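Residue-level structural notes
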Amino acid sequence: MIPTSLIRQFDIPGPRYTSYPTADRFYNDPKAQALLKGIEVRRNNPRALSIYIHIPFCESICYYCGCNKLVTKNHGMAVAYLQTLFKEIDQVVALLDHGGPKDIEVAQLHLGGGSPTFLSDEQLDELISHLNYRFTWLEHCEKSIEIDPRTVNSERLQHLKQLGFNRLSLGIQDFDPQVQLAIHRIQSYESVQSLLRAARDSEFDSINMDLIYGLPKQTPDTFKRTLSQVAVLRPERIALYGYAHLPERFKPQRRINTEDLPDAEQKCAMLESAVNYFMAQGYEYIGMDHFALAHDELARVKKEGRLHRNFQGYHTLKDCDLIGFGVSAISEVGHCYSQNAKSYDQYSSLVAAGSLPTEKGLELTVDDQLRRRIIMALMCQGEVKIQEIEEEFSVNFDKYFTNELLRLADFERAGLLKINADRIEVNDQGWFLIRPIAMVFDYYVWQQTDHQRFSKVL
Ligand code: SF4
């Protein structure tokens with residue numbers, strides 16, 4: 001584990017790089033020009049799709065939440081939303097389709113939110129039938145869904161398996177009752193344990209659990225208890241996020257009492273004990289807060305240097321175009337990003353009017369693509385092969401990145417990485433500060449002063 005003093009030295013606010021440039025760089029694009037451009041480029045190189053579907057509804061608010069969601073108990077809203085979603089899917093399919101019906105192959109499907117399990121079983125049936133009708137699933141297609149354990153029982157899990165889902169992601173955060181009270185998310189350990197048993201009985205391929213450290217009322221001791229409870233459940237993957245308290249950006253966080261938050265020292269202790277504990281329990285460190293058991297696909301691709309990163313985080317598939325459907329969903333097609341309207345009403349009325357519901361977009365310049373290649377190599381492999389980059393982009397690396405290499409030298413002096421003639425290599429300690437290391441190559445971050453929009457490592 002990295003010394004606290006080093007974390008303090010480099011703990012500056014920075015993006016998590018699920019994309020480069022980051023989404024705050026997208027420009028207004030109401031005519032969806034970036035998406036259309038990406039689709040045009042795709043015609044000459046039709047790759048399999050990764051599909052993301054955003055279901056924005058939640059029955060109750062979690063105070064730490066920073067997601068795009070709509071809190072309601074009115075399940076009727078989902079009926080109208082699904083109709084809008086189907087219309088949007090049909091619009092995009094009409095643009096993508098270049099052969100015949102069901103010509104579009106899909107390698108990955110992810111339902112996220114909000115809470116996808118806000119949808120009833122019947123609504124999920126409808127959604128999957130619509131997708132079955134429009135797309136062809138590739139063999140071994142990964143189909144994953146985010147589960148709010150409070151909305152699912154063993155029968156629902158079986159139903160999800162029957163619908164073809166093979167991966168589950170459970171929002172846990174913390175099992176301590178005081179913490180759950182402080183974040184307004186009550187779910188007992190026993191209920192999650194019985195869900196896990198049911199998921200194992202239904203033979204899901206992989207189960208992920210999301211945890212958060214730095215929540216109100218959490219202490220290093222209470223968090224250790226949660227860690228050992230999670231280890232007993234033994235999910236294949238664990239995502240361990242640091243809570244970023246940004247109440248000026250995320251309204252629900254204003255309900256969190258700042259005095260209940262652990263300080264940086266305690267957060268550091270929690271991160272340290274989590275990393276040490278999970279590694280001792282046989283988990284491999286994937287990068288930036290992610291762990292996986294050795295037999296899991298994520299650990300395997302990491303070992304083989306084939307790890308990738310997109311808006312859903314780390315993933316195992318290369319060479320896919322990502323299409324996001326639903327309010328606020330982001331797509332990445334070719335060298336273009338686009339994002340749907342973030343307001344529910346705006347999204348719905350744009351689709352109803354027969355328009356693509358796109359609000360923002362970005363066509364990457366060659367410089368953006370070059371920096372994206374480097375930042376993703378750092379985030380996924382912790383290594384940049386300089387000659388490969390020079391050949392791919394016809395640049396002299398040392399000349400092009402003179403300033404960046406100077407900034408990187410600080411990290412080298414701190415013993416976090418090595419700059420060789422042919423490669424930049426991040427070491428085990430450097431992995432814990434991969435965000436500020438990658439940030440060295442972010443052109444836009446160095447042009448601005450308001451880094452506070454991003455969260456810190458701790
Ligand atoms: S954390 Fe998840 S379940 Fe809770 S309000 Fe946010 S999106 Fe909904």
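Here the structure is a predicted model, which is why all the values come from computation and not from measurement.

Some remarks on helix H8 (residues 220-233)
- Compared with an ideal rise of 1.5 Å per residue, which puts 14 residues at 20 Å, H8 spans 20 Å between its outermost C-alpha atoms and is within 8% of the ideal.
- Those residues of H8 lying buried are Thr 222, Phe 223, Thr 226, Leu 227, Val 230, Ala 231 and Leu 233.
- Of the surrounding secondary structure, the elements contacted by the buried residues of H8 are strand S7 (167-173), helix H7 (189-201), strand S8 (206-213), strand S9 (237-242) and helix H9 (264-280).

Structural notes on the site of the ligand
- Looking at the ligand, the residues that line it are Cys 58, Ser 60, Cys 62, Tyr 64, Cys 65, Cys 67, Gly 114, Ser 115 and Arg 185.
- Here the residues of the shell around the ligand are counted per class, giving five nonpolar, three polar and one charged.

Re the environment of Pro 247
- Assignment of secondary structure puts Pro 247 in the loop between S9 and H9.
- Between the C-alpha atom of Pro 247 and that of Tyr 64, which follows or precedes it by 183 residues, the distance is 9.1 Å.
- Each residue touching Pro 247, except ones within four places of it in the same chain, is listed here: Gln 253 and Arg 254.

What about the domain arrangement of the protein chain?
- Parsing the protein chain into structural domains produces domain 1 (25-322) and domain 2 (365-449).
- In this structure, domain 1 and domain 2 have C-alpha centres spaced 29 Å apart.
- With 13 residues of domain 1 in contact, the opposing surface of domain 2 contributes ten residues.
- Summed over both partners, the interface of domain 1 with domain 2 comes to about 980 Å²; 67% of that surface belongs to carbon and sulfur atoms.
- On the surface where domain 1 and domain 2 come into contact, there are zero salt bridges.

Here we look at the environment of Leu 215
- When you line up the elements, Leu 215 lands in the loop between S8 and H8.
- Linking Leu 215 and Phe 10, residues 205 residues apart in sequence, is a C-alpha distance of 22 Å.
- Leaving out residues up to four positions away in the same chain, Leu 215 has contacts with Tyr 64, Gln 173, Asp 174, Val 179, Ile 183, Tyr 243, Asp 260, Leu 261 and Pro 262.

Thresholds applied
Residues numbered from 1 in each chain as written. Predicted model: local features only at pLDDT ≥ 70, side-chain atom pairs only at ≥ 80, totals over all residues. Heavy atoms only, no water. Helix = DSSP H or I, 4+ residues; strand = E, 2+ residues; numbered from the N terminus. Expected span 1.5 Å × (residues − 1). Buried < 20%, exposed > 50% of the residue type's maximum accessible area, 1.4 Å probe, protein only. Contact = heavy atoms within 4.5 Å. Near = heavy atom within 4 Å. Nonpolar A, V, L, I, M, F, W, Y, C, P; charged D, E, K, R; others polar. Domains from an automatic or database assignment. Buried area = accessible area lost by both parts, 1.4 Å probe. Salt bridge = Lys/Arg side-chain N within 4 Å of Asp/Glu carboxyl O.

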